[in-house]
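# Summary of structural features
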Amino acid sequence: MSIVAGCDVGSLTAKAVIMKNGKIIGSHIIKSKPRPKDSADAALEGALSAAGVSKADIAYCIGTGYGREKIDFVNEVVSEITCHGKGARWMLPTAETVIDIGGQDCKTMKLDKDGNVDRFAANDKCASGTGRFLEVMAKVLHIDIDELGKLSAKAKNPITLASTCTVWAQADVIKYINSGVSIEDIGAGVNTAMAVRVAILVNAVKPEGDIFMTGGVAKNIGVLETLEKLIGKRIKRSRKADPQMAGAIGAALLSMEKIDGSGNNRLK
Amino acid sequence: MRPEIEEYHYDWLMGNTLKASAILPLGTKKETELAYRYVPYYKNVVKSFIDAGDPGVQTLVMLAKYYENILTAKARGKKIAATTFCNSPVILYAMDIVPVTFEILTAVGAMVWKRGMFDYMDFCCEVGMPETSCSSQRGALGAVLAGLCEQIDMIICDTPGVCDTNANAFAFASAYMDKPFFQLNYPSSIGDNRSQQYHIDDYKEMIKFAEQHSGNKLDYDRLAQVLAEVDKQDAMIADLEDMLMLKPTPVPPLFNLALYAGRFCFSGHPQYTTLLESMVASAKQNAEAGISGLKNREEKLRVFMCYIDHYTVDVNFYNYLEERGIVHVGSILTRNFRDNTPYAKEMPGSTYGVDTSTPEAMLDTIAQMNARLPMVRSIRGPYDKKGMWLEESLVCAKMYQADCLIYNGTPGCRNTWGMVKPFARDIEKHGYPCHIMYDDAFDDRVESWEATRERLDEFFKIRGLL
Amino acid sequence: MTVFHDAATRVECDSIARWKKDGKPVVGYTCSYTPAEIFYAVDILPVRLRGIETDGMEVGDSYFGPFICSFPKCILQLAGKGRFSFLDGAIITPGCDGMRRLDECWRKAGEDFEGIVPDYFYYFDVPHKSENHGMAWYIEEINQLIKSVEDHFNVNITNEKLQAAIREFNKGRRLLNEIERLRCEKDVVVSGTDVFAAAVAGTVMPRDEYTAELKKWVSALKKRKTSLSEGKHRVMLVGSISDEIDLFELIENTQKALIVGENLCFGIRYEGNEIAEDGDPIEALAGHYLGSSVCPRMYGKYKERLAMLKERIGQSRAEGVIMQNIRFCDLHGAENALFERDLEAMGIPCLRVEREYGPHIDIGRMKLRINAFLERIEGRKKANKGDGDET
Amino acid sequence: MKVAGCDIGSLTAKAVIMENGNIISQAVMRAKARPSESAIDVMQMALDKANLARDDIGYIVGTGYGREQIPFVDQVESEISCHAKGAWRIMPSVRMIIDIGGQDAKATRLDDSGNVARYIYNDKCASGTGRFLEIMGEALEVPLEKLGELAAKSMEKLSISNQCVIFAETEVVSLVNEGKETADILNALHHSLAKRVASLARSIDVRQDVVMTGGVAKNAGVFSALSEALGLPLKALDGVDPQIMGALGAALYAEEKVQERQKAL
Ligand SMILES: Nc1ncnc2c1ncn2[C@@H]1O[C@H](COP(=O)(O)OP(=O)(O)O)[C@@H](O)[C@H]1O
Ligand SMILES: Nc1ncnc2c1ncn2[C@@H]1O[C@H](COP(=O)(O)OP(=O)(O)O)[C@@H](O)[C@H]1O
Ligand code: SF4
Ligand code: SF4
Ligand code: SF4
């Protein structure tokens, strides 16, 4: 069976996945560089060396993400909405509703029985429903982005935040810091503001069946758990892979479908 | 929407909360203090009202009655009409239809609830209302669309020509729930024969619509009674307005809120008369003693809110004014354009009179009255045209001896945000410092109250006002 | 076609320049409720005001507040930069709140920037209802407008002149309708971008010149054989006001979609019905502009608009509908949500996006949504076929 | 007597020490998580430079976002007042001050006696801040100090229209993708920021002379773009770092207070 690849060049991170026989044999994630082409090359390079194969071994490669049009080694490009849907179904074979929050965008999609995206809604309103919002806030709080999620559980009296605008939320956060509110309470407020915004989008597509979350923000446990409360449903976890890789995985699966019709994604 | 929120019938929840708070002061002072402990979440707001004395308590009673009226409507075989605060409920009371005014429900929720109306506002966005639309409708509308309120039978709105986002919210509600819809429409001018006639023609059609969908015929005797009550109320409002002009003014800031809340809830209804009587009596007492209506009795500054007030949790805004010794000389919502009020005399064509001699005269009265409700009157046309926002604000500022003007609204207010910058510039040219608040009167997630307060303090300090 | 593209993509296009050179006046207007025939009847060129070609918002933002749709802001920006210096007059209507505040903002900007307010500046008060007294009000508004134009420009607007103008405009309307019929064919020979450019051009070009150009183009189109719709998804574009050719291009440049119809404020929707050529011309104009309007500003007419959209979707065989609204445009934002709910329930895929009006439409974000939407339509087609094979 | 001003901003902390109307020491540093920490550190820096101890300072005024958290100040004043006072002292012909800091932009108009006549902050959803340039600098991998310099090398005119910091970043990314030169993109960013700020100033009526204060004033690219957007020459405040204007104003408030006290004695 052939080796395939998927490459997802996002606004904040670039990811590449190499698959063989429906299994991941190598993957790599890096912070995006100014030129998407460079990001793609570096991510693929990393994944190739992790898998111990060379570029020539790749039978087919699909590119996705914001920078998809600029990747020169791919055979085809597909939008990340479709790819995240595919990837999510692979990671959680029962997934029907997928929430993907990346750096610039937040989307919710419903999958049909074949793992194709049936309906989706994307956040156009404002950057405050995106991973970038969390990053800006983490910076203001002088903490690491992986720390932010954990604050929710530690908060005693979370603040309510201007969830409508990153710029103004930032001003508010600074005010709270200045008035001596604990970092935990502020962090929890930040995560909640984000979750509220995402919940509106999720509820707009009327979630059904198993829900799964992809994209970097899926790793923020505070957002995830608050979101569960807001939509009143559990979001399923999967240990199969890093949810941030879902787009790249989806792209690789589509590559596989392309060459041998496998990668079948029927709802199990 | 959070699943636990969906468990509660909104009107019922709010109605009972208000009912409970309205009976709190019936006990002894000590009992009341004790009872506060059991209502940690709305203690502050209830306390603010109760501390305002009998008028405050009357306001609570009135709000409780308003909800009771809604909650018992179906059992009493009455129809419910959703409407907006720019539309006077007078005609609905005269026709025995129960009004549900979205903005009142939203404001009450925002004041009383710790989480404000956020969940309902967001629910509106979930079903597709733009989140940039006005929050004053979005709150209550969310609860209605989620089916957490008494079923509405028809929708009557009067903001086409005045405010898009408002009219649009009602049009959306009607399409979403498939309910009969009527819009009163206002041209951009006021006071000339042509627009006067338009108001009357339009109003008559509205009555036809209400008759058709409620099954009740307009009873002119009853209308005469209601208008007589309005007449009484107008006289008392004029008294309050007179006292507001005194320096120091004997009228506490919170009375402004009560004044217009009463008009929106119960104009032409004895319930509002009771509230007004209580307010007038209380203010008169202060006036006779020559003291300020502020709690600490020291008037430091007089502010005219050229638009609306701020309503989020615990009536923070009014308490802030009290704390800082600031007098509130009214907002666009407090003004009543009855022909005998002094400020109205400076603005010919802007007023209405009450004439109950014939059915036709009554219809004219009520149509003209409706055309002079807040917003409908002053922001329908270009702000600098005769009788519009600028003129009104300047006349009021002068008459009530305001030291400065403050604009507060909601980001959803397309209408005023479209012109507030040039407006503020013009106001400043007339020598009044003018502050534009960038928050949302009903949603403190847009700007936290702390931040809002800081900006206010900064304004007062930098402009040498406090 | 080039003349249409020129007219559609430049504020002061060649046709306007030529008209000005002849020393004839030009009047701008902002909303499709303004009866342009009134001006054309007396050799004044009516030009629909647009916000293209802005490259900043410093003037727009100085007067308008932050929560206002970028379309009127762009118009103010152009005005402030003197780009509308060719105007001899401007008509402001209370189309929507943002647009009606253009009245104050433009006049106030005129206090700071000399000479940017045309000598003739008129507020045309269009009502929000078309029945009875609403219609009567509008007719009176038209009469007053006519009187005021006569006084200012020293002209005489007679019924005969009005009827002649109506006849000229109708010619264009009929031709555009012919194009609409071509777009309903199985094989469509014309791109949405071109049709839209032609429609937009109609709002700025002198009408006789326009009719002549359109006539040539339509007969050329009728001879065309190559299908542009083959292998592409047929979509409709609806929602907030748009005169942006690049928005159409963005969609059609995916090479996967062809726009076969639109319901946009610039565009063919208003050209649809012709105006009665006999009888009282003022009543005829009023009946057309106010009576058969399809803008959500009229409130409470959602069902009619949905029915119209459904019909258009059916006729044009559209496979999906792209709904856009400019941020802070509540009217279309809310209506799009209702359309989406009802059309999806009928099995018609919909995409709802919010965006900014202006020079750089958010290309990356828009493209992603459009591509994903086309992939969705594609997936659905495949699935339908697949299921068919099994049985 | 020595007095001091301490300005704790969103991105930087600044301190100025004065004696007899002259600046004898000044310090600027990156803000820490806690404003109180920043305040203590930046004050110490300034004291160290002048070889002084805290007790040598007679009166300290605090300003900036974190002003309420500074543990050692005798009085606080808003940034608007402080920037106004600072600029007025240095150039009495000033009638308008445009202060662009990390968190927001403000325009302040003064009357003929140096009092604040009107002021305005950047609107919601606006990107006229130093943070905007920083984020963009990061995305383009250009250090802050080099932004203006590089922008000056621009050859092609581009435009960036998005108001939102976050979405403007996407726009920048797509310009990079199109192969546009970094200098041209930067230049466009500077102009976009300048235009936004110009509209702020214009909405409260521009009066000459106009000066620029705050950290972003150090960026020559913004300085010239703003002159262009306003259509009038911006004046430079000679001899002082515009970034310390707030702290300077605060110190001047302190000086006034001390003089008042001395008079009273
Ligand atoms: N370890 C982590 N814990 C919590 N959040 C994270 C973590 N890593 C990344 N994120 C979040 O994920 C976002 C990036 O998501 P990603 O899917 O990589 O975006 P894109 O595909 O647009 O580049 C960051 O903005 C950040 O908010
Ligand atoms: N040397 C420099 N060159 C260009 N810009 C600078 C320089 N130093 C600081 N800045 C700009 O100034 C901003 C900080 O301004 P400052 O007035 O210190 O902010 P605040 O008072 O809000 O902390 C930074 O975001 C940066 O854009
Ligand atoms: S606040 Fe503004 S937007 Fe809201 S109802 Fe009033 S006028 Fe309309
Ligand atoms: S969308 Fe409606 S209100 Fe707006 S310009 Fe068009 S017709 Fe007028
Ligand atoms: S500036 Fe603020 S409100 Fe505007 S889009 Fe960005 S984050 Fe949202």
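Position labels on residues start from 1 in each chain and follow its written sequence. Labels follow written order: the first chain is A, the first ligand is 1, and so on. Selection of residues for local features in this predicted model requires a pLDDT of at least 70, selection of side-chain atom pairs for listing and counting requires 80 or more, and totals for whole chains, interfaces and linings are taken over all residues. Processing note: side-chain calculations cover all non-hydrogen atoms of the structure and skip hydrogens and water entirely.

## Concerning the overall build of chain B
Helix and strand labels come from DSSP, where a helix needs a run of H or I of at least four residues and a strand needs a run of E of at least two; each type is numbered from the N terminus. Broken down by element type, chain B carries 21 helices and eight strands. Taking 466 residues into account, the globule formula puts the C-alpha radius of gyration at 23 Å, and chain B, at 21 Å, falls close to it. Relative to its 466 residues, chain B shows a buried fraction of 70%. Within chain B, residue pairs in contact and separated by at least 24 positions form 75% of the contacts whose partners lie at least 6 positions apart. Of the roughly 14300 Å² that chain B leaves accessible, carbon and sulfur atoms contribute 52%. A residue counts as positive if it is Lys or Arg and as negative if it is Asp or Glu; His and the chain ends are not included. To locate a charge, take NZ of a lysine, CZ of an arginine, CG of an aspartate or CD of a glutamate. Side chains of chain B give 48 positive and 61 negative charges; the mean places of these two sets differ by 3 Å. In this treatment the radius of gyration is a C-alpha quantity, and the globule benchmark scales as 2.2 Å times the residue count to the 0.38 power. Here's how the labels work: a residue is buried when its accessible area is under 20% of the maximum for its type, exposed when over 50%, partly exposed in between, all with a 1.4 Å probe on protein chains only. In this analysis, two residues are considered to be in contact whenever any of their non-hydrogen atoms come within 4.5 Å of each other. Methods summary: accessible areas were calculated by the Shrake-Rupley approach with a probe of 1.4 Å, and residue burial reflects only the protein chains presented.

## Some words on the sheet that holds strand β4 (residues 120–123) of chain C
Residue and element names in this part refer to chain C. Pairing between two strands is assigned when DSSP locates at least 2 bridges connecting them. Read across the sheet, four strands follow the order β2-β1-β3-β4 without closing on themselves; strand pairing throughout is parallel. A single partner strand is all that each edge strand has here, and the edge strands are β2 (45–48) and β4. On average, adjacent strands in this sheet sit at an angle of 20° to one another, irrespective of strand direction. Direction of pairing for strand β1 (residues 26–29) relative to strand β3 (residues 89–92): parallel, over a ladder of three bridges. Along β3, the bridge assignment pairs Val 27 with Gly 89. To get an axis, a line is fitted to the C-alpha atoms, and for a helix only the part in contact is used. The angle between two axes follows their N-to-C directions and goes from 0 to 180 degrees.

## So, helix α2 (residues 79–90) of chain D
Relative to the 16 Å expected for 12 residues at 1.5 Å per residue, α2 of chain D spans 17 Å between its end C-alpha atoms, a close match to the ideal helical length. Among all positions in α2 of chain D, only Glu 79, Ile 80, Ser 81, Cys 82, His 83, Ala 84, Gly 86 and Ala 87 of chain D are buried. One less than the number of residues in a helix, times 1.5 Å, gives the span that helix is expected to have.

## Points about the environment of Arg 463 of chain B
Among the secondary structure elements, Arg 463 of chain B is positioned in the segment after α21 (449–462). Of the residues examined, Arg 463 of chain B reaches a relative accessible area of 17% and is grouped as buried. Beyond its immediate stretch of four places on either side in the chain, Arg 463 of chain B contacts Glu 428, Pro 433 and Cys 434 of chain B together with Val 116, Ala 117, Arg 118 and Tyr 119 of chain D.

## A closer look at the pairing of strand β6 (residues 96–100) of chain D
All names here are of chain D. Summarising burial for β6: five of the five residues are buried, a large majority. Burial along β6 is two-sided: the residues Met 96, Ile 98 and Ile 100 and Ile 97 and Asp 99 are all buried. As paired elements, β6 and strand β7 (residues 105–110) share five bridges and run antiparallel to each other. Bridge pairing in β7 places Ile 97 opposite Thr 108.

## Quick notes on the sheet that holds strand β1 (residues 2–8) of chain D
In any sheet, the strands associate via hydrogen bonds between backbone groups, in a parallel or an antiparallel arrangement. Residue and element names in this part refer to chain D. Spatially, the five strands line up as an open sheet ordered β3-β2-β1-β4-β5, and their pairing is mixed. Of all strands in the sheet, those bounded by a partner on one side alone are β3 (22–30) and β5 (75–76). Looking at chain direction, strand β4 (residues 57–63) and β5 are connected through two bridges and run parallel. Across the sheet, the residue bridging to Gly 62 is Val 76, located in β5.

## Things to note about the interface of chain B and chain C
Often, the extent of an interface is quoted as the loss of accessible area upon association of its parts. Taken together, the contact between chain B and chain C spans 52 residues of the former and 48 residues of the latter. Across the interface of chain B and chain C, roughly 4200 Å² is buried in total on both sides, 51% from carbon and sulfur atoms. Pairs of N or O atoms within 3.5 Å make up the polar contacts considered here, provided that, within protein, one atom can donate a hydrogen while the other can accept it, and that residues adjacent in sequence are counted only when both atoms are side-chain atoms. Connecting chain B to chain C are 36 residue pairs in polar contact (both at pLDDT 80 or more). Looking at the side of chain B that touches chain C, the elements that each hand over two or more residues are α10 (164–177), β4 (181–183), α11 (193–214), α19 (414–417) and α20 (420–429) of chain B. Per element, the largest residue contribution to the side of chain B that touches chain C is eight residues, and it comes from α10 of chain B. When grouped by side-chain class, the residues that make up the side of chain B that touches chain C number 22 nonpolar, 15 polar and 15 charged. Computed with a 1.4 Å rolling probe, the buried area is the accessible surface lost when two parts are put together, summed over both parts. Under the scheme applied here, ten amino acids are nonpolar (Ala, Val, Leu, Ile, Met, Phe, Trp, Tyr, Cys and Pro), four are charged (Asp, Glu, Lys and Arg), and all others, including Gly, are polar.

## Focus on the site of ligand 3
All names here are of chain B. A molecule or strand has a residue near it when one of that residue's heavy atoms lies within 4 Å. Close to ligand 3 lie Phe 85, Cys 134, Ser 136, Gln 137, Cys 163, Thr 165, Asn 166, Tyr 307, Met 375, Ile 379, Gly 412 and Cys 413, which account for all nearby residues. Counting residues per element, the ones that place at least two in the shell around ligand 3 are α9 (135–145) and α10. Of the residues that constitute the shell around ligand 3, the class distribution is seven nonpolar, five polar and no charged.

## Considerations on the nonpolar core
Think of a nonpolar core as a cluster: buried Ala, Val, Leu, Ile, Met, Phe, Trp, Tyr and Cys residues, connected wherever their side-chain atoms sit within 4.5 Å. By size, the foremost hydrophobic cluster in this structure holds 421 residues, and its most contacted members are Tyr 311, Trp 389 and Phe 460 of chain B together with Trp 106 of chain C. Beyond its immediate stretch of four places on either side in the chain, Tyr 311 of chain B contacts Ala 107, Ala 110, Met 111, Leu 257, Tyr 260, Tyr 318, Leu 333, Ala 441 and Phe 442 of chain B. Of all hydrophobic cores here, the second largest spans 42 residues; its members include Ile 101, Leu 141, Met 194 and Val 205 of chain A.

## Some points on the layout of surface pockets
In this approach a probe as big as a water molecule rolls over the atoms, and the regions it shows empty are the leftover space. Residues are said to line a cavity or pocket when one of their atoms sits within 4 Å of a point; the points come from a 1 Å grid over protein atoms alone, cavities being sets where a 1.4 Å probe fits but cannot get out and pockets being open sets with protein on both sides within 12 Å along at least five of seven lines. Grid points are joined across faces, edges and corners, and a volume is the space filled by probe spheres set on the points. One number sums up the size of the largest pocket: a volume of about 1400 Å³. Residue lining of the largest pocket: 48 residues in total, with Pro 158, Ile 159 and Thr 160 of chain A together with Lys 114 and Arg 115 of chain B positioned closest to the centre. Among the elements of the structure, α4 (145–154), α6 (183–204) and α7 (221–231) of chain A together with α8 (118–126), α15 (316–324) and α21 of chain B are those that each provide at least two residues to the lining of the largest pocket. Classifying every residue of the lining of the largest pocket gives 21 nonpolar, 13 polar and 14 charged.

## Comments concerning the pattern of salt bridges
All names here are of chain A. What makes a salt bridge here is a side-chain nitrogen of Lys or Arg within 4 Å of a carboxyl oxygen of Asp or Glu, nothing more. Going through the model one piece at a time under the given rule, you end up with 103 salt bridges over all chains. The shortest N-O distance in the salt bridge between Lys 236 and Asp 210 comes to 3.1 Å. Remark: Asp 210 occurs in strand β9 (residues 210–214) and Lys 236 occurs in strand β10 (residues 235–236); sequence separation between them is 26 residues. Its relative accessible area of 31% is what places Lys 236 among the partly exposed residues.

## Side note on the domain arrangement of chain D
Residue and element names in this part refer to chain D. What counts as a domain boundary in this text is fixed by an automatic or database domain assignment. According to the domain assignment, chain D consists of domain 1 (1–78 + 243–265) and domain 2 (92–236). Contact residues are listed per partner, giving six residues for domain 1 and nine residues for domain 2. Here domain 1 and domain 2 share an interface that buries about 640 Å² over both sides, 56% of which is from carbon and sulfur atoms. Considering only the surface of domain 1 that becomes buried against domain 2, Leu 11, Tyr 65 and Gln 243 emerge as the three largest contributors, covering 65% of it. Run the count over domain 1 and domain 2 and you get one salt bridge. Glu 134 is the salt-bridge partner of Arg 30, the closest N and O atoms lying 3.1 Å from each other. Joining domain 1 to domain 2, the criterion identifies three residue pairs in polar contact (both at pLDDT 80 or more). Looking at the side of domain 1 that touches domain 2, its residues break down into three nonpolar, two polar and one charged.

## Considerations on the pairing of β3 of chain C
On a regular strand, each side chain points to the face opposite its neighbour's, so the side chains alternate between the two faces of the sheet. Residue and element names in this part refer to chain C. On β3, burial covers both faces: Gly 89 and Ile 91 on one face and Ala 90 and Ile 92 on the other are all buried. Taken together, the four bridges between β3 and β4 define a ladder with parallel strand orientation. Bridge pairing in β4 links Ile 91 to Tyr 122.

## As for helix α6 (residues 182–203) of chain D
Residue and element names in this part refer to chain D. The end-to-end C-alpha distance of α6 is 32 Å, a good match for the 32 Å that 22 residues give at a rise of 1.5 Å each. Burial within α6 is extensive, with 19 of its 22 residues counted as buried. Looking at the residues trailing α6, positive phi occurs at Asp 205, about 70°.

## Some remarks on the side chain of Thr 130 of chain A
All names here are of chain A. Inspection of the secondary structure puts Thr 130 in the loop between β8 (117–122) and α3 (131–140). Under the relative-accessibility criterion, Thr 130 is labelled buried at 0%. The residues touching Thr 130, leaving out its near neighbours within four places in the chain, are Ile 101, Gly 102, Gly 103, Gln 104, Asp 105, Asn 123 and Met 194.

## Looking at the packing of aromatic side chains
For any pair of aromatic rings, the description rests on two quantities: the centre-to-centre distance and the angle between the ring planes. Two rings from Phe, Tyr or Trp (for Trp, the six-membered ring) form a pair when their centres sit within 6.5 Å of each other. Planes less than 30 degrees apart are called stacked, planes more than 60 degrees apart edge-to-face, and all others tilted. Per the counting criterion, the structure on display carries 41 aromatic pairs over all chains. Measuring from ring centre to ring centre gives 5.5 Å for Phe 317 of chain B and Tyr 318 of chain B, while their planes differ by 75°; the resulting arrangement is edge-to-face. Judged by relative accessible area, Tyr 318 of chain B falls into the buried class, the value being 1%. Pairwise contacts between aromatic rings join Tyr 307, Tyr 383, Trp 389, Tyr 407, Trp 417, Phe 423 and Tyr 438 of chain B together with Phe 67 and Phe 328 of chain C into one cluster. One Lys or Arg, Arg 194 of chain B, reaches over the ring of Trp 137 of chain C and ends 3.6 Å from the middle of that ring. Charge-over-ring contacts are defined here by two conditions on Lys NZ or Arg CZ: a distance within 6 Å of the ring centre and an angle within 35 degrees of the ring normal.

## Focus: the environment of Tyr 299 of chain C
Position of Tyr 299 of chain C relative to the elements: it lies in the loop between α13 (281–291) and α14 (302–316). Tyr 299 of chain C gets classed as buried once you look at its relative accessible area, which sits at 2%. Along the backbone, Tyr 299 of chain C and Val 195 of chain C are 104 residues apart, and their C-alpha atoms lie at a distance of 29 Å. Leave out the neighbours within four places in its chain, and Tyr 299 of chain C touches Pro 160, Cys 163, Asp 164, Ala 167, Asn 168, Ala 171, Phe 181 and Gln 183 of chain B together with His 128 and Leu 331 of chain C.

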